[in-house]
Amino acid sequence: MFTGIIEEIGEITAITPAGDGWRLTVRAPKAASDAVHGESIAVSGVCLTVVGSTSDTFDTDVMKQTLDVAAIGGATVGTRVNIEKAMPVGARLGGHIVQGHVDGVGEVLEVRPGAQWSVLRISLPHDLAPLVVDKGSISVDGTSLTVSAVSEPPSTGSGTDSTPQDWFEVSLIPETLAATTLGSRAVGDRVNLETDILARHVERLLAFRAADAGADRAATPEGGSR
């Protein structure tokens, strides 16, 4: 379990093929200094398991499924990554509950720099759009952020078959710009997205409730009552 509060910016120093996956070596002195075999570290929002370490690097295996669904699949040697170690029991939850299970990948659509901050507009896979709300929480490359704007849901009866681009915006303060890789993001960059776990649970619950209601209606004779 993580909080989305980034502890340091690491760098991928080696990528070694391992079956249909990768073994990554990440230089992150703070995380590696006391890393132990088997512990979890979030690498740009992807929960990975330490399989080896030195005083300033750690090794971790990334399976094919993760490479397929997360932006880390496009990483190269030299790629900078956000690092967070698992939250210890009893620690303050400074961000929000982050599992390190990437839901999908977004693309930076716009960067609007301000006097002391920057606003990123990021595309949102259509199936994730209902889970992202204004002023809600979202993890972008492992960073806990507050959504500052969202695209409108598609209108019914619009007479068009095209699906509008779903997006959300986050406003980044100077600390976030300096302490995470988001400060160097540019239009076209791909980022890992993890939606709020509470929203995912509610969506799943409502899907089952709707299915059960439909089954009840189908079992009730027309015009009759149960």
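Note that the structure is predicted; figures quoted are calculated from it, not measured. Residue numbering note: each chain is counted from 1, following its sequence as written. At least 70 in pLDDT is required for a residue's local features to be given in this predicted model, at least 80 for side-chain atom pairs to be given and counted, and no such filter applies to totals for whole chains, interfaces and linings, which use all residues. Only hydrogens and water are set aside; all other atoms, that is, all heavy atoms of the structure, feed into the side-chain values.

### Considerations on the overall build of the protein
Looking only at helices and strands, the protein features four helices and 12 strands. Each of the 226 residues in the protein was classed as buried or not, and the buried ones make up 39%. In the protein, the proportion of contacts linking residues at least 24 apart, taken out of those at least 6 apart, comes to 70%. A 1.4 Å probe and the Shrake-Rupley method give the accessible areas. Residues count as covered only by the protein chains that appear here. Only carbon and sulfur atoms are counted for the fraction: they give 53% of the accessible area of the protein, which is about 12300 Å². Numbered from the N terminus, helices here are DSSP runs of H or I no shorter than four residues, and strands are runs of E no shorter than two. Relative accessibility under 20% of the residue-type maximum defines a buried residue, over 50% an exposed one, and the middle range a partly exposed one, all with a 1.4 Å probe and only protein chains included. Residue contacts are defined here by distance: any two heavy atoms, one from each residue, within 4.5 Å place the two residues in contact.

### Describing the sheet that holds strand β8 (residues 118-123)
When DSSP finds two or more bridges between a pair of strands, those strands are recorded as paired. In space, the six strands of this closed barrel follow the order β7-β8-β11-β10-β9-β12, with antiparallel pairing throughout. Ignoring strand direction, the axes of neighbouring strands in this sheet form an average angle of 45°. Bridging between strand β7 (residues 104-113) and β8 involves five bridges; their strand directions are antiparallel. In the sheet register, E110 faces β8, and the bridge partner there is R121. Only the stretch in contact is used when a helix axis is fitted, and all axes are lines through C-alpha atoms; the angle between N-to-C directions ranges over 0 to 180 degrees.

### As for the packing of aromatic side chains
The criterion for an aromatic pair is that two Phe, Tyr or Trp rings (for Trp, the six-membered ring) have centres within 6.5 Å, with stacked assigned to planes under 30 degrees apart, edge-to-face to planes over 60 apart and tilted to the rest. Going through the model one piece at a time under the given rule, you end up with zero aromatic pairs. Above the ring of W167, the side-chain terminus of R121 is found at 3.6 Å from the ring centroid. Counted as over-ring charges are cases with an Arg CZ or a Lys NZ within 6 Å of the ring centre that also lie within 35 degrees of the ring normal.

### A closer look at the pattern of salt bridges
A side-chain nitrogen of Lys or Arg and a carboxyl oxygen of Asp or Glu constitute a salt bridge if their distance falls within 4 Å. According to the stated counting rule, one finds 12 salt bridges in the structure shown. For the salt bridge of R112 with E110, the shortest nitrogen-to-oxygen distance reads 3.6 Å. Residue classification places E110 among the partly exposed residues on the basis of a relative accessible area of 28%. Three or more residues joined by partner-sharing salt bridges are found here, namely E110, R112, R121 and E169.

### Some thoughts on the environment of I15
Examined against the element boundaries, I15 turns out to sit in strand β1 (residues 8-18). The exposure class assigned to I15 is partly exposed, which follows from its relative accessible area of 25%. As a C-alpha pair, I15 and T25 span 10 residues in sequence and 6.6 Å in three-dimensional space. Non-local contacts of I15, meaning those with residues more than four positions away in its chain, are made with W22, R23, L24, A75, T76 and V77.

### Describing the sheet that holds β1
The antiparallel closed barrel is built from six strands, whose spatial order is β1-β2-β5-β4-β3-β6. Taking each pair of neighbouring strands and ignoring which way they run, the sheet shows an average axis angle of 45°. Sheet topology places β1 next to strand β6 (residues 80-85); four bridges connect them, and they run antiparallel. The residue of β6 that forms the bridge with G10 is V81.

### Focus: the nonpolar core
Here, nonpolar core means buried Ala, Val, Leu, Ile, Met, Phe, Trp, Tyr and Cys residues that are tied together by side-chain atoms lying within 4.5 Å of each other. Counting residues in hydrophobic clusters, the biggest one holds 20 residues, and the most contacted among them are L24, V26, I41, V43, F58, I72 and I83. Of all elements in the fold, only β2 (21-27), β3 (40-43), β4 (46-53), β5 (57-62) and β6 reach the threshold of two or more residues within this core. For I41, the residues in contact, after removing those within four places along its chain, are F2, A31, V46, C47, L48, V50, F58, I83, E84 and K85. L120, L128, L131 and V140 belong to the second-largest nonpolar core, a separate cluster that totals 18 residues.

### What about the side chain of T176?
Tracing the backbone shows T176 in helix α3 (residues 174-179). Discounting residues that sit within four places of it in the chain, T176 has contacts with T143 and L145.

### Regarding the environment of E84
Topologically, E84 is positioned in strand β6. By relative accessible area, E84 is classed as buried at 4%. Between the alpha carbons of E84 and G4 there is a distance of 7.4 Å; along the sequence they are 80 residues apart. Beyond its immediate chain neighbours, meaning those up to four positions away, E84 contacts F2, T3, G4, I5, E7, I41, A42 and G142. Polar contacts, as used here, are pairs of N or O atoms within 3.5 Å; protein pairs need one atom able to donate a hydrogen and one able to accept it. Residues neighboring in sequence count only if both atoms are side-chain atoms. A distance of 2.8 Å separates a polar side-chain atom of E84 from the backbone nitrogen of T3. Reaching out from E84, the side chain makes a polar contact with the backbone nitrogen of G4 at a distance of 3.0 Å.

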